[in-house]
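Residue-level listing of the chains:
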Amino acid sequence: MKKIFLALVAVLLIGACKKDVTTVNVDPKRPLTVSSASLFTNAQRRLVNTVTSSSVNLNIFRLIEQQWQETTYIDESQYDLQTRTIPDNLWNAFYRDVLKNFSESKTVAATEGKSAVDLKNQLAITDIMEVYTWYYLLTTFGDVPYADALKIDNTFPKYDDGLTSFKDLLRRLDGDITALDVSSTSLGSADAIYAGNAQSWKKMANSLKLKIALTIADADNATAKAAAESAVASGVFTFTTGNTDNARYPYTTITPNTNPIWVDLVQSGRLDFVANNTLTTEMNNLADPRRPFFFTLDGNGMYSGGNPGESSPYANFSAPAVNITKPDFPGALIDVAEVQFLLAEAVERGYSVSGTAATFYSNAVTASILDWGGTQASAATYLAQPAVAYSTATGTWKQKIGTQKWIALYNRGMDAWVEQRRLDFPQLEPAADALTDFPVRFTYPVKEQNVNNINRAAAAAKIGGDNVTTKLFWDKF
């Protein structure tokens, strides 16, 4: 009996040896291959998440631009960038989480057997998204690794001149606009913003080109003028189509595709922010119809905010509007209102864009009010006020456009920060007990000092010092 048992065991063992054990170490949740579409989708979501987030570890631009104020922990409102290593986190988000994924998507797309037109469109759309990401890096830090970035065999990339990099971004956009073929939708649903619609991407690319052109206008007016006029001639977002062109990311109620503000505040059960007095005062003075879409009422039935840099109890002031904190409130990259403000500025700079500054300005304000939920009538009433109307509002064109654009860029803190530095309006007072002067750039990450310091130090010396007070080349005044 014992011999029969041992024989059966031997047979079973032999049979077991025939089983394929090579799959034991394969993790079904970590695929060995990833499609270009999924890489694109992930990168696009991470880009919008980064610029939309309200995390004090990553995106504190609503605080810097005095849209919001912190309630209890006020360090970031006072320009403390280092305790939470915010520059490092932002740098990683753009380079590692966004640009690397877009770059990999391009590489993989070329191996998937796509038709020539589909591949061409997908690469162009991906490149437009990359250009937008570079725009944020260049306007946040100044000179950054560009030409040598993302090369796995180059661990010490040099920092490129900012203006040279911007000019190359304009060149890339020209190529992308030419490459896009309206007969193909290429990415389809993998593109959450335009579902691969080539015509929409053409308009978005031209609008981004206009945005970059005006960003460098004070540093290189000839290049800016040529690029702006070319973009407008090719077709940017127009007021006549309403807000349908807006580059929105449609967050959902299902994680992980939820609005990061909802994640930061509602899902986390936090009461970290209230309105900022700087913005509520400006809007109250102008009876701005967007107030109920921006903020809740305070305990007195008014719109009020905490002072910049001061501890501001949540119960005492208005808070971010409930709609903004919903899981499916969309993120935004660029919209009609912003483009109309850019066109108003282009007119004032003497560019040939066919129209008047006053018309574009009024279109911009109206588009913003309508986009937030206001009415045509409320927009008309608002614009009829002498303090708002373009012909009678206080100051130069920079002040008129700058102030209204700052309001319109509510909840888009990074873009508000760029425009407020570039146009010099509104002139924001530094926060109470600020740790530094008002930051006009972010310092380079600590990890760059530790790993790539020779190149970092050279870049810092070139731009005038690795300080938050160092103005970037396009911020002339």
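Residues numbered from 1 in each chain as written. Predicted model: local features only at pLDDT ≥ 70, side-chain atom pairs only at ≥ 80, totals over all residues. Heavy atoms only, no water.

**Here's the deal with the environment of Pro430**
Note on placement: Pro430 falls in the loop between helix H16 (413–423) and helix H17 (446–451). Measuring from C-alpha to C-alpha, the distance between Pro430 and Ser53 comes to 23 Å, with 377 residues separating the pair along the chain. (Helix = DSSP H or I, 4+ residues; strand = E, 2+ residues; numbered from the N terminus.)

**Looking at unusual backbone geometry**
Residues apart from glycine generally show negative phi values, whereas peptide bonds are mostly found in trans. Between Thr255 and the following residue, Pro256, the backbone shows a cis peptide bond with an omega angle of 5°. Positionally, Pro256 belongs in the loop between strand E4 (247–249) and helix H9 (260–267).

**A word on the packing of aromatic side chains**
Evaluated as defined, the whole model comprises 31 aromatic pairs. On the numbers, 6.3 Å between centres and 85° between planes, the contact of Trp91 with Tyr444 is edge-to-face. Taken together, the residues Trp91 in helix H4 (residues 86–109) and Tyr444 in the loop between H16 and H17 connect sequence positions 353 residues apart. By the burial criterion, Trp91 is buried, and Tyr444 matches it. Note on Tyr132 and Tyr135: the rings are 6.0 Å apart at their centroids and 85° apart in plane angle, and the pair reads as edge-to-face. Taken together, the residues span about one helical turn, with Tyr132 and Tyr135 both in helix H5 (residues 116–141) at a distance of three residues. Assessed through its relative accessible area of 0%, Tyr135 is described here as buried. (Phe/Tyr/Trp six-rings, centres within 6.5 Å; stacked < 30°, edge-to-face > 60°. Buried < 20%, exposed > 50% of the residue type's maximum accessible area, 1.4 Å probe, protein only.)

**Overview of the nonpolar core**
Soluble globular proteins tend to bury their nonpolar side chains together. In terms of nonpolar packing, the biggest core is built from 132 residues, with Trp134, Met204, Leu210, Ile212, Phe295, Leu333 and Phe442 touching the most fellow members. Ranked by residue count, the leading element in this core is H5, at 12 residues. Leaving out residues up to four positions away in the same chain, Trp134 has contacts with Tyr95, Leu99, Val144, Pro145, Tyr146, Ala149, Leu169 and Arg172. (Core = buried A, V, L, I, M, F, W, Y, C linked by side-chain atoms within 4.5 Å. Contact = heavy atoms within 4.5 Å.)

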